[in-house]
Amino acid sequence: MAAVPASAEVKSTCGTYICVATAYEGRDYVQDITVTTREGLPGTLRAFVGDYRGSKAGVSRWRFIVNREIRAYPKLAVCGGLDRSGRFIENHCVLIP
């Protein structure tokens, strides 16, 4: 994950096929979402949180710049996903308290 401001917190977790990391401030402001395949093979990586949706095809790691306030209670789910050859492989989420 790229450098983030000192005030940002970073939280990450891994599923079976992907890892998802997010830099955030407080409980509502998401700076970015990094999605990485665990085995290093490319696919279509997706990131989603609130009304933000982003995707990048043919990569094994991608940093999605969100930089927006998104309100969700009691916790905010910051998610990544992986598709390959038009097939859904996995969605995985980081929960921000």
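Residues numbered from 1 in each chain as written. Predicted model: local features only at pLDDT ≥ 70, side-chain atom pairs only at ≥ 80, totals over all residues. Heavy atoms only, no water.

Undergrad: Would you take a moment to explain the pairing of strand β7 (residues 76-84) for this structure?
TA: Successive residues of a regular strand alternate their side chains across the two faces of the sheet. Of all nine residues in β7, eight are buried; the element is thus mostly enclosed. Where strand β4 (residues 43-49) and β7 come together, five bridges link them in antiparallel fashion. Across the sheet, residue Thr44 finds its bridge partner in β7, namely Asp83. Sheet topology note: the β7/strand β8 (residues 87-96) ladder contains nine bridges and is antiparallel. Following the sheet pairing, Val78 is matched in β8 by Val94. (Buried < 20%, exposed > 50% of the residue type's maximum accessible area, 1.4 Å probe, protein only. Helix = DSSP H or I, 4+ residues; strand = E, 2+ residues; numbered from the N terminus. Pairing = 2+ DSSP bridges.)

Undergrad: Would you mind showing me how to read the packing of aromatic side chains here?
TA: The geometry of an aromatic ring pair is captured by the separation of the ring centres together with the interplanar angle, meaning the angle of the planes. According to the stated counting rule, one finds zero aromatic pairs in the structure shown. Positioned above the aromatic ring of Trp62, the side-chain terminus of Lys56 is 4.7 Å from the ring centre. (Phe/Tyr/Trp six-rings, centres within 6.5 Å; stacked < 30°, edge-to-face > 60°. Lys NZ or Arg CZ within 6 Å of the ring centre and 35° of its normal.)

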